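# Secondary and tertiary structure notes
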Amino acid sequence: MTKDEMIALMSKESGISKKQATDALQAFMGGVTNQLTSGKKVSFAGFGTFAVSDRKARTGRNPQTGAPIDIPATRVPVFRAGKHLKTAVRK
């Protein structure tokens with residue numbers, strides 16, 4: 001599902017205009033992004049949790065040459081599905 005498809009679905013399901021749905025989705029994504037960049041979690045009971053994970057620095061390999069490559073430590077966003085979401089997907 002693309003962002004435009006999600007906006008159309010939100011508009012249809014909630015009875016609001018596409019402009020309002022776009023604004024709501026932008027606010028949601030902005031809020032999640034702001035919380036994650038400040039190192040906080042965003043949890044929705046039953047749906048899941050957005051969080052930030054720290055990856056350690058490691059040594060990898062260039063697949064073409066086999067030469068070792070230093071991969072720096074980094075922070076990445078992660079999503080952990082909640083119980084209700086997992087149950088719904090398994091059906």
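Residues numbered from 1 in each chain as written. Predicted model: local features only at pLDDT ≥ 70, side-chain atom pairs only at ≥ 80, totals over all residues. Heavy atoms only, no water.

## Details of the overall build of the protein chain
A count of helical and extended segments in the protein chain gives three helices and five strands. Seen in sequence order, the protein chain has helices and strands lined up from the N terminus as α-α-β-β-β-β-β-α. A globule of 91 residues ought to have a C-alpha radius of gyration of about 12 Å, yet the protein chain, at 19 Å, is considerably larger. Taken over the C-alpha atoms alone, the protein chain extends approximately 55 × 30 × 30 Å along its principal axes. Out of the 91 residues in the protein chain, the part that is buried amounts to 14%. Across the protein chain, the fraction of contacts at a sequence separation of at least 24, relative to all contacts at a separation of at least 6, is 33%. Only carbon and sulfur atoms are counted for the fraction: they give 56% of the accessible area of the protein chain, which is about 7200 Å². Taking the average place of the 16 positive charges on the side chains of the protein chain and the average place of its 6 negative ones, the gap between the two points comes to 10 Å. (Helix = DSSP H or I, 4+ residues; strand = E, 2+ residues; numbered from the N terminus. Rg over C-alpha atoms; globule rule 2.2 N^0.38 Å. Buried < 20%, exposed > 50% of the residue type's maximum accessible area, 1.4 Å probe, protein only. Contact = heavy atoms within 4.5 Å. Areas by Shrake-Rupley, 256 points an atom, 1.4 Å probe, with all protein chains shown as cover. Lys, Arg positive; Asp, Glu negative; His and termini not counted. Charge placed at Lys NZ, Arg CZ, Asp CG, Glu CD.)

## Side note on the pairing of strand E2 (residues 48-55)
Of the strand pairs in this sheet, strand E1 (residues 42-44) and E2 are connected by three bridges, and their pairing is antiparallel. The residue bridging Phe-44 from the neighbouring strand is Gly-48, located in E2. Remark: three residues form the turn of the hairpin made by E1 and E2, two consecutive strands paired antiparallel; Gly-46 in that turn has positive phi of roughly 85°. (Pairing = 2+ DSSP bridges.)

## Digging into the sheet that holds strand E5 (residues 74-81)
One open sheet accounts for three strands, arranged E1-E2-E5; its pairing is antiparallel. Each having just a single partner strand, E1 and E5 make up the two edges of the open sheet. On average, each strand axis in the sheet is tilted by 30° relative to the strand beside it, whichever way the strands run. (Axes fitted to C-alpha atoms, helices over the stretch in contact; angles between N-to-C directions.)

## What to know about the pattern of salt bridges
Per the stated rule, a full pass over the model turns up one salt bridge. In this structure, Lys-19 and Asp-23 form a salt bridge, with 3.1 Å as the shortest nitrogen-oxygen distance. Separated by four residues within a single helix, Lys-19 and Asp-23 lie in helix H2 (residues 18-37), roughly one turn from each other. A relative accessible area of 39% places Asp-23 in the partly exposed class. (Salt bridge = Lys/Arg side-chain N within 4 Å of Asp/Glu carboxyl O.)

Any functional reading would require information beyond the geometric quantities listed.
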